[in-house]
Amino acid sequence: MYKIPNFCFGKVANRSVIRVFLPHMVNKYESRAIPKDDLQLIYDRCLRPLVRMHLPNMASHWPASYTSAIALYRDGTGRIHEGSLDVPAHILDTFGQEYLTTLSALHPYFRDAYFVHEFRGWKASSIHDPLHQLDRQLALDKFTDVLSMDKVDPSAWYIDVGLEFGHSDHVVTWRDTGHEALLAHCLPSVDEVDVDSIVDKTTFQVDRMMHLKDLTGFRYAPGTKGHADKVHYIQAYTTEKTMSYQLHPGLFSPLDPNSLLTSGSLKDLLQKVEEMSKILFECTADGDEARYAQEGCARLEVRVGLSKALTALTTIPNNICRYCLVPLPAKTWWSV
């Protein structure tokens with residue numbers, strides 16, 4: 001799906017994104033990015049006319065054209081700072097249908113466009129006791145309260161369900177030799193022989209922690225092997241990555257060999273390494289009795305159909321936890 005050209009149409013609440021996917025644009029251009037001319041056409045000939053039709057008074061708040069919008073929202077460094085313009089909930093059904101219809105008429109490669117709704121990073125808002133059925137239901141209701149659930153087809157939606165394991169003053173991580181046991185638990189319909197073979201395939205991606213061979217997480221998309229259990233994706237990781245995980249180019253971005261070619265770039269590299277070292281040292285809380293060493297939790301997630309949201313990954317047997325989880329003192333972890 002990620003190979004299909006798409007663009008952001010709007011947002012709901014703080015962290016949900018609505019995208020428009022254009023399947024007939026697959027392989028049309030070298031890049032999956034939507035060309036500027038097409039985006040301009042979509043705004044000028046589709047979106048803004050619909051705003052004028054359905055929200056005549058509010059149309060004066062919308063930029064007059066795509067070109068004027070880009071000029072308005074771009075700062076001196078070229079970075080875009082999007083504005084916020086609302087479409088009332090009571091007209092969304094009509095507005096959305098007419099948008100796709102109008103879009104399809106603009107170009108043959110805009111035909112069959114569709115919306116994709118994406119909720120991201122709402123872990124803390126839906127914390128619940130996985131063993132308590134009512135608590136699970138209340139957490140799901142809170143997570144989906146921005147949706148008209150009576151209009152949602154559960155078979156067309158996916159949700160990430162996670163279990164997190166923590167221990168005070170420790171970093172809890174995953175044992176490398178426990179991956180098969182975790183896969184077998186997440187994919188109970190798959191034969192043991194098939195589970196054992198998964199970890200040797202190139203589609204099974206191992207994520208090493210602190211370059212330690214015996215402590216690793218993993219990512220795996222089971223494909224047809226997950227159909228019976230309605231599991232589309234599995235990942236195991238440790239939340240200590242929070243200290244260096246960046247979605248934007250920053251201090252912890254990957255470096256390439258060019259950083260070693262000139263004295264200037266080498267100097268910049270050494271400075272970055274020093275800054276990174278200071279941050280990692282702060283995680284140990286050495287010399288500060290008022291602070292605690294940065295903790296980390298082991299997290300297991302499965303992506304399932306929405307209909308399985310209340311039954312997926314509600315627990316893990318104790319024997320699997322004892323074997324797969326490795327708790328290490330947090331101060332020791334950050335001092336390695």
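We now turn to the structure provided with this report. (Residues numbered from 1 in each chain as written. Predicted model: local features only at pLDDT ≥ 70, side-chain atom pairs only at ≥ 80, totals over all residues. Heavy atoms only, no water.)

1. Some words on the sheet that holds strand E8 (residues 231-238)
Each strand in a sheet pairs with another by means of backbone hydrogen bonds, the pair being arranged parallel or else antiparallel. The following threshold applies: When DSSP locates at least two bridges between a pair of strands, those strands are taken to pair. Only runs of H or I of at least four residues qualify as helices and only runs of E of at least two qualify as strands under DSSP, and these elements are numbered from the N terminus. Interaxial angle, 0 to 180 degrees, is taken between N-to-C directions of lines fitted to C-alpha atoms, where a helix line uses only the stretch in contact.
A sheet is described by the order of its strands in space; here 5 strands give the open sequence E4-E9-E8-E7-E6, paired in antiparallel fashion. The open sheet has two free edges, formed respectively by strand E4 (158-165) and strand E6 (205-209), since each of these has just one partner strand. Averaged over neighbouring strand pairs, the angle between their axes works out to 25 degrees when direction is ignored. Where E8 meets strand E9 (residues 298-305), 7 bridges bridge the pair, whose relative direction is antiparallel. In the sheet register, Ile234 faces E9, and the bridge partner there is Val302.

2. Things to note about unusual backbone geometry
To keep it simple, the criterion reads: Residue exposure (1.4 Å probe, protein chains only): buried if accessible area is under 20% of the type maximum, exposed if over 50%, otherwise partly exposed.
One non-glycine residue, Asp169, lies in the positive phi region at around 65 degrees. The residue Asp169 is located in the loop between E4 and strand E5 (170-174) in this model. Under the relative-accessibility criterion, Asp169 is labelled partly exposed at 38%. In this structure, Leu313 takes a positive phi of about 50 degrees despite not being glycine. Mapping Leu313 onto the fold places it in the loop between E9 and helix H8 (318-324).

3. A word on the pattern of salt bridges
As a reminder of what qualifies: Salt bridges, as used here, are contacts in which a Lys or Arg side-chain nitrogen is within 4 Å of a carboxyl oxygen on Asp or Glu.
A complete count under the given rule lists 9 salt bridges for this structure. The salt bridge partner of Arg303 is Asp160, with a shortest N-O separation of 2.6 Å. With Arg303 in strand E9 and Asp160 in strand E4, the pair connects residues that are 143 residues apart, well separated along the chain. You can call Arg303 partly exposed: its relative accessible area is 32%. Judged by its relative accessible area of 40%, Asp160 is partly exposed. By sharing partners, the salt bridges in this structure join Glu164, Arg299 and Glu301 into a single network.

4. Considerations on the packing of aromatic side chains
Note the cut-off: When the centres of two rings from Phe, Tyr and Trp lie within 6.5 Å, Trp using its six-membered ring, the rings pair. Their planes under 30 degrees apart give stacked, over 60 give edge-to-face, and anything left gives tilted. Charge-over-ring placement is defined geometrically: NZ (Lys) or CZ (Arg) within 6 Å of the ring centre, and within 35 degrees of the ring normal.
Summed over the entire model, instances satisfying the criterion amount to 8 aromatic pairs. Ring geometry for Phe204 against Tyr220: centres 6.0 Å apart, planes inclined by 50 degrees, an arrangement best described as tilted. Taken together, the residues Phe204 in the loop between helix H6 (192-198) and E6 and Tyr220 in strand E7 (residues 212-220) connect sequence positions 16 residues apart. Assigned by exposure class, Phe204 and Tyr220 land together as buried. Cluster of aromatic residues (ring-pair linked, three or more members): Phe9, Tyr99 and Phe115. It is Arg175 that lies over the ring of Tyr323; its NZ or CZ is 5.3 Å from the centre.

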